[in-house]
Amino acid sequence: MSARILFVTGTNTDVGKTVATAAVAAAALRAGRKVAVLKPGQTGVAPGEPGDAAEVARLAGDLTISELARYPEPLAPDTAARRSGLPYLSPAEVVAEVADLAATHDVVLVEGAGGLLVRYDDQGRTLADQARAVLDAGLPAEVLLVASAGLGTLNIVALTAEALAARGLPLAGVLVGSWPTDPGLAERCNLADLPRSAGAPLLGALPERAGAAEDFTEVALASLAPELGGDWDAEHFARVHRPEPGPRPPKV
């Protein structure tokens, strides 16, 4: 059986990609799978400091971590590389590392930087190009989109889904990276609207500050749909958070 290769991208920075990656990793580890996490381009972290892949390992447990390029300034990878004078990262390097990891692991998670179309090199190649190159190499890659819960998320989810479809990249589903303790009307309505905007299922909702939970794996399992190794029920969650009906239109 071939490894599952999942590229994790977000609708923006700070939507919870790293915690989401850790949650999927934790669920896979609990199921007895061997997990690897690859961060192709890490920005905003100095040499010797723990990056996002190390944070995934801290939260999820015993897994393999890999990082291909690191740039000290917290910028888009191509800008950070250019300003630092360090080499750009190519899709071919990502393909080679993913293939090596997939040969010895059951699950390979590739966490991107920022959103899907953030540039990694001076040719404008992106995480989408990396995923496309992995698919073209004959490996079964798919994409998990981590989104915010509130107002404004639907447009970015729809745009990302269109970009994926245009490149022939399969979208596994959408995961809310930080579900608020006290959700408002927009968040509640978005539970139904997010999968419509994405054309793909809603695969979970991680509670805000999930990364600070004492038992992170239990939180992960309760927040991820079965497709990601958890027991979260989308229909039940939507019923619990169903918004009050709006006013009826006037009769004419």
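Read on for an overview of the structure. These figures come from a predicted structure and were not determined experimentally. (Residues numbered from 1 in each chain as written. Predicted model: local features only at pLDDT ≥ 70, side-chain atom pairs only at ≥ 80, totals over all residues. Heavy atoms only, no water.)

1. Comments concerning the pairing of strand E5 (residues 141-147)
Here's step 1: The buried fraction of E5 amounts to seven of the seven residues, a majority that puts the element mostly inside the structure.
Here's step 2: Burial of the side chains of E5 extends over both faces: Ala141, Val143, Leu145 and Ala147 are buried on one face and Glu142, Leu144 and Val146 on the other.
Here's step 3: Where strand E1 (residues 4-10) and E5 come together, six bridges link them in parallel fashion. For Ile5, the partnering residue across the bridge sits in E5 and is Ala141.
Here's step 4: Two strands pair when backbone bridges link them, and E5 and strand E6 (residues 171-179) are joined in this way by five bridges, in the parallel orientation. When the bridges of E6 are listed, Val143 appears paired with Leu171.
Here's step 5: Each parallel crossover has a hand, and for E5 linked through helix H6 (residues 153-166) to E6 it is right-handed. (Buried < 20%, exposed > 50% of the residue type's maximum accessible area, 1.4 Å probe, protein only. Helix = DSSP H or I, 4+ residues; strand = E, 2+ residues; numbered from the N terminus. Pairing = 2+ DSSP bridges. Right-handed = clockwise from strand over helix to strand, strands pointing away.)

2. Looking at the nonpolar core
Here's step 1: Among the nonpolar cores identified, the biggest contains 80 residues, and Ile5 and Phe7 are the most heavily contacted of them.
Here's step 2: In contact with Ile5, other than residues within four places in its own chain, are Val98, Ala102, Val108, Val134, Leu139, Pro140, Ala141 and Glu142. (Core = buried A, V, L, I, M, F, W, Y, C linked by side-chain atoms within 4.5 Å. Contact = heavy atoms within 4.5 Å.)

3. As for the packing of helix H1 (residues 17-30) against helix H2 (residues 52-60)
Here's step 1: In the contact formed by H1 and H2, the axes pass within 8 Å of each other and the chain directions differ by 45°. Considering their axes alone, H1 and H2 lie oblique with respect to each other. Taken as a pair, H1 and H2 cross one another with a handedness that is right-handed. Contacts from Thr18, Val19, Thr21, Ala22, Ala25, Ala26 and Leu29 in H1 reach Asp52, Glu55, Val56, Leu59 and Ala60 in H2.
Here's step 2: Grouping the amino acids of the contact of H1 with H2 by side-chain chemistry returns eight nonpolar, two polar and two charged. (Axes fitted to C-alpha atoms, helices over the stretch in contact; angles between N-to-C directions. Parallel < 35°, antiparallel > 145°, perpendicular 65-115°, else oblique. Left-handed = near helix turned anticlockwise from the far one by under 90°. Nonpolar A, V, L, I, M, F, W, Y, C, P; charged D, E, K, R; others polar.)

4. Thoughts on the packing of H6 against helix H7 (residues 185-198)
Here's step 1: At their nearest, the axes of H6 and H7 sit 8 Å apart, and the two run at 25° to each other. As summarised for this structure, H6 and H7 are arranged roughly parallel, according to the angle between their axes. H6 and H7 meet at a crossing whose hand is right-handed. Across the interface between the two elements, Thr153, Leu154, Val157, Ala158 and Ala161 of H6 pack against Asn190, Asp193, Leu194, Ser197 and Ala198 of H7.
Here's step 2: Residue composition of the contact of H6 with H7, grouped by class: six nonpolar, three polar and one charged.

5. Considerations on the sheet that holds strand E3 (residues 64-71)
Here's step 1: The strand order E3-E2-E4-E1-E5-E6-E7 describes an open sheet built from seven strands, whose pairing is parallel. Strands at the two margins of the open sheet, each flanked by one partner only, are E3 and strand E7 (202-207). On average, each strand axis in the sheet is inclined to that of its neighbour by 20°, with strand direction left out of account.
Here's step 2: For E1 and strand E4 (residues 107-115), the ladder comprises six bridges, and the chain directions are parallel.

6. Structural notes on the pairing of strand E2 (residues 35-43)
Here's step 1: Where burial is concerned, most of E2 is hidden: nine out of the nine residues are buried.
Here's step 2: Of the strand pairs in this sheet, E2 and E3 are connected by seven bridges, and their pairing is parallel. Residue pairing in the sheet places Thr43 in a bridge with Tyr71 of E3.
Here's step 3: Handedness of the β-α-β unit built from E2, H2 and E3 comes out right-handed.

7. Points about the side chain of Gln130
Here's step 1: Summarising the element assignment, Gln130 is placed in helix H5 (residues 127-136).
Here's step 2: Of the residues examined, Gln130 reaches a relative accessible area of 1% and is grouped as buried.
Here's step 3: For Gln130, the residues in contact, after removing those within four places along its chain, are Phe7, Pro40, Leu89, Pro91, Val94 and Tyr120.

8. Digging into the pattern of salt bridges
Here's step 1: Throughout the structure, instances matching the rule amount to eleven salt bridges.
Here's step 2: The shortest N-O distance in the salt bridge between Glu111 and Lys39 comes to 3.4 Å. Pair noted here: Glu111 is in strand E4 and Lys39 is in strand E2, with a separation of 72 residues, a long-range link.
Here's step 3: Residue Lys39 is classed as buried on the basis of its relative accessible area, which comes to 4%.
Here's step 4: Residues Glu73 and Arg83 are paired through a salt bridge, measuring 2.5 Å at the closest nitrogen-oxygen approach. Of the two residues, Glu73 is situated in the loop between E3 and helix H3 (77-84) and Arg83 in helix H3; the sequence distance between them amounts to ten residues.
Here's step 5: Judged by its relative accessible area of 27%, Glu73 is partly exposed. (Salt bridge = Lys/Arg side-chain N within 4 Å of Asp/Glu carboxyl O.)

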